[in-house]
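# Descriptive analysis of the structure
This is what each chain is made of:
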Amino acid sequence: MPDTIPFPSAQVRFGSSSGQPLTRRDGFLKVTGAATFAADNHPENLLHAVVAVSTIARGRVVSLDVEAAKAHPGVVEVITPANCPPLALDPDEKHGLFGFRFDALQNDRVRYAKQPIALVLAETLEAATEGTRLLAPVYETEPARIGFDNGEPYAPATVGVGGAPDFDRGDLAAGLAAAAHLVDTEYETPAQYHNAMEPHAIVAEWDGDTLTIDTPNQAIVLSRAAYAAFFGIPPENVYLRSPFLGGGFGSKAILAGPQILCIRAARMLQRPVKLALPRDQMFGPVGHRGATRQRLRLATDAEGRLTALEHHAVATTSSFDEFIEPAANASHNLYASPAISTRHGAVRVDTGTPGPMRAPGEASGSAALECALDEAAAAIGIDPLEMRLRNYAETDPATGRPFSAKALRECYAQGAERFGWAGRPLAPRQMTDDAGRLVGWGMGSALFPAPMFQAEARATLRADGTALVETAAADMGQGAWTALAQIAADSLGLDIEQVEFRSGTSDLPDGGVAGGSGHTATAGSALHNAGTDAIAKLAEIAVNDPASPLFGAGNAGVEAREGRLWHREDETRSEGYGDILARSGMESLEGSGTGGRDPADAEARAMFSHGAVFAEVKVDPDLGQVLVTRLVGAFAAGRIINPKLARSQLYGGMIWGLSFALHEEAIHDRRTGRPVNADLAGYHIPVHADIPAMEALLIDEDDRYVNVLGIKGVGEIGITGTVGAIANAIWHATGVRVRRYPIRIEDLIG
Amino acid sequence: MSLSVTLTINGDRKDVVLEDPRVTLLDLLRERLHLTGTKKGCDRGQCGACTVLVDGRRINACLALAASLDGAEVMTIEGLAVGGRLATVQSAFIEHDGFQCGFCTPGQIMSAVGLILEGDAGDDPDRVREGMSGNLCRCGAHAGIIEAVLDAQKRVAGEEGKAA
């Protein structure tokens, strides 16, 4: 029986835009170099700022040679704790749910390597850079605490963003006692750094008490208020422009010290200031994914059905703040088990504070869970796909609630067929290619929540029959400029070319947060509701106007399409938007809408995107070199607004999964606490030659509960499942089960 | 100390006075000439976001001192489209969705143009992947990029065939 629910067509009628694989509306700007990223701005009289960062991880700065730096030609000012005016709010306090403590020269203390210790301002970038070198800091150094075994363990009060650290459902002891098989296994994941291609950047310019900032930001209106609060001005005095983000992945949703310092400097010197972080400073003050150690116990009956699932995760955080990668939560909602128990612990180390990084918790947790499940399948002697089907959750394992929609079975079936999974030998080391390389096939399940946040939007019908739609959405590459315009066009019954979409600046209605894979759903719902509101108002005018051909139809008796209102039962009666407005003497008509979720639906149903990922790897038996040669993902994520962009998002996630499995790891020197690979030569992400032939199948799924549009997210789910699929394929190729990421050549030879 | 160099940038001859010998080609383009299409991703020659063509060859603009390029012809992303008409590689990137955030895109496109000019990769996807591997992408747009390069190469070859 299919576990999808037919979409009620009467609920939302889609027009010609949604569902179409339109190319990006910002494509022309991006391929010609005309898209303006923050650091591309250059107001008159600009100063360049470069942050000097600490080379120790713990201690304090005893002295800086400020005079030497200031003596360098072109250097205008050096800001240190000695001359940095205080902020209106204490950066060592937590401000709001998404507020992180940060370092903005509030004192001489050093609590991680690459922490800002001074800011040099100069007429040129070269002079500012040289100025930081001339500061020659002297430190009073304390031993750095690096790594799980050298940090301070503690029990966190919350994990992720305000989540509970512990969870129990069912009787774990009974489930363990009832088991015919028990897998008890441990996995480690490393610290990873977001490393968006665009380093964090800001251009700040004051005019009296008003501030204009160009800075990439994932939560434009929310951040406007946060910036304003630190400078003691009302939010409306801040104008934040973020039309394009050169990637974000979570790291550009939060305020950090460098941006605050740049604004501070612009105010002090009464000149516009530009700051763009050098790549190595992306390994300090702007967040990362904390390392984890995870222990899983999977108890099953003789046929492989879980009787208990236990997942304990310990994650690293900084000495002064907290973001605990909620890895164990990955075991809550995917596999049916009568008993589930999860715990989180934390260890304080001397690094910057972690933060949300693409699929925070889901990625790390899935990387362990999907392998542990394969360990269980191997111990019992059943196929990994069959293992997952035997543990298929018909209702949410954590709450017992029904899923709003769940087409995971179809993902398994279509993904397996496309990949050619049937006939996979059970035992490892059974397949080789013509070159003698070991070939392995692995798979993993993908799961990601479908959250909704809050957003507002405005839609204005204009006398010329076109429309203006507005919301401060953030496009960090997911395609908001295009997908949101498609939604808006349909809500207004207009061709997308007739819709002007304003977005990306803080003077617009709050578009919410580009995060949690919930931006298209949230901002899209707001736009949809705004458009619907404008059309309803227009219909109200038309059906009550005796001069309109729609007079008397009742406002439920008309529908909007092709720029006209049409009588539902009489196609000969219709009227263009512009004509309706003109006759009523209006130059424009405005509708507004909000995005959010019906709390009753949120309570009644479990809402997730699902997927299945299949991987083929080839391993050189002598050299241990691993090449991923095929990746096939099948994903069910509700209604897809733009399949071209959705596929790109899913590919992006899958490539992050490949990167997690085989490439990424930040290594901190245990003596100094410094990241030793703080560049893109040493911190590996995949290059083109590492990326295999890929496919992402979009599985139909009609979800009438998730939101008015039936949209779930596609930005993060691709990582989940993929990490485990590749690790499982490596086991299948080699017979070696590696329990520490990234999997390296040296794990597979000798 | 100031130095004078003459560069031809996107066909325009420019006499540039460098007030500082440390200025890289990248910082000259971005901060002094305000040709900001070329991006700075690492400033270390590790990411390829600053790829431009110098005398027809692709280089990392962050690793070249402007003072060493007297007389050079520089082609940046701004010089690729002529009269508002996109170059083949540019339109192929749009059609194949060969980018997401767009930050590495100017470098990817200039690298692709360079690769096609070099004429060594042929239509072998693996060699194109290898030849494009100096250009990092963090969004994960690799599949679309390689499709775009292969498609553009095919189209360019077709046009040359016709011309011949």
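Residues numbered from 1 in each chain as written. Chains lettered and ligands numbered in written order. Predicted model: local features only at pLDDT ≥ 70, side-chain atom pairs only at ≥ 80, totals over all residues. Heavy atoms only, no water.

## What about the packing of helix α2 (residues 88-95) of chain B against helix α3 (residues 105-118) of chain B?
Residue and element names in this part refer to chain B. Rule in force here: All axes here are fitted lines through C-alpha atoms, helices being fitted over the stretch that makes contact, and every angle between N-to-C directions spans 0 to 180 degrees. Secondary structure elements follow DSSP: runs of H or I of four or more residues count as helices, runs of E of two or more count as strands, with numbering from the N terminus. Oblique is the label for every angle not falling under 35 degrees (roughly parallel), over 145 degrees (roughly antiparallel), or within 65 to 115 degrees (roughly perpendicular). Here is the rule for handedness: rotate from the far helix to the near one, and if that takes an anticlockwise turn smaller than a right angle the crossing is left-handed, while a clockwise turn gives right-handed. Contacts are residue-level and defined by heavy atoms, with any inter-residue pair within 4.5 Å sufficient. Here the term charged refers only to Asp, Glu, Lys and Arg, the term nonpolar to Ala, Val, Leu, Ile, Met, Phe, Trp, Tyr, Cys and Pro, and the term polar to all other amino acids, Gly among them.
Viewed as axis vectors pointing N to C, α2 and α3 meet at an angle of 125°, and their least axial separation amounts to 10 Å. Judged by the inter-axis angle, α2 sits oblique to α3. Seen from above, α2 lies across α3 with right-handed handedness. Across the interface between the two elements, V89, Q90 and F93 of α2 pack against T105, Q108, I109, A112, V113 and I116 of α3. Considered class by class, the residues forming the contact of α2 with α3 number 6 nonpolar, 3 polar and no charged.

## Quick look at the interface of chain B and chain A
Note the cut-off: Accessible area that two parts lose when put together, with a 1.4 Å probe and added across both, is what the buried area reports. Salt bridges are identified by distance alone: a Lys or Arg side-chain nitrogen within 4 Å of an Asp or Glu carboxyl oxygen. Polar contact is the term for a pair of N or O atoms within 3.5 Å; when the atoms are in protein, one must be able to donate a hydrogen and the other to accept it, and sequence-neighboring residues count only if both atoms are side-chain atoms.
Across the boundary between the two partners, chain B contributes 51 residues, which contact 59 residues of chain A. Surface buried jointly by chain B and chain A totals about 4300 Å² across both partners, of which 58% is contributed by carbon and sulfur atoms. Counting every contact that joins chain B to chain A gives 7 salt bridges. With a closest N to O distance of 2.5 Å, D40 of chain A and K39 of chain B form a salt bridge. Our count for the chain B to chain A interface comes out at 26 residue pairs in polar contact (both at pLDDT 80 or more). Within the residue set of the side of chain B that touches chain A, elements represented by two or more residues are α1 (25-32), α2, α3, α4 (125-131) and α5 (142-163) of chain B. Its residues assigned to classes, the side of chain B that touches chain A shows 20 nonpolar, 16 polar and 15 charged.

## Some remarks on the pattern of salt bridges
Put simply, the test is: Under the scheme applied here, a residue whose accessible area is under 20% of the maximum for its type counts as buried, over 50% as exposed, and between as partly exposed, the area being computed with a 1.4 Å probe on protein chains only.
For the structure shown, the criterion picks out 66 salt bridges over all chains. The partner of R58 of chain A in a salt bridge is E142 of chain A, with the nearest N and O atoms 3.5 Å apart. In this pair, R58 of chain A sits in the loop between β1 (47-53) and β2 (59-63) while E142 of chain A sits in the loop between β6 (138-141) and β7 (152-154), placing the two residues 84 residues apart along the sequence. Of the residues examined, R58 of chain A reaches a relative accessible area of 22% and is grouped as partly exposed. Between E118 of chain B and R58 of chain B there is a salt bridge, and its shortest N-O distance comes to 2.7 Å. A residue pair is termed long-range when its members are at least 10 positions apart, and E118 of chain B in helix α3 and R58 of chain B in strand β4 (residues 57-60) qualify at 60 residues. When its relative accessible area of 36% is taken as the criterion, E118 of chain B is described as partly exposed. By sharing partners, the salt bridges in this structure join R458, R462, E470, E500 and R502 of chain A into a single network.

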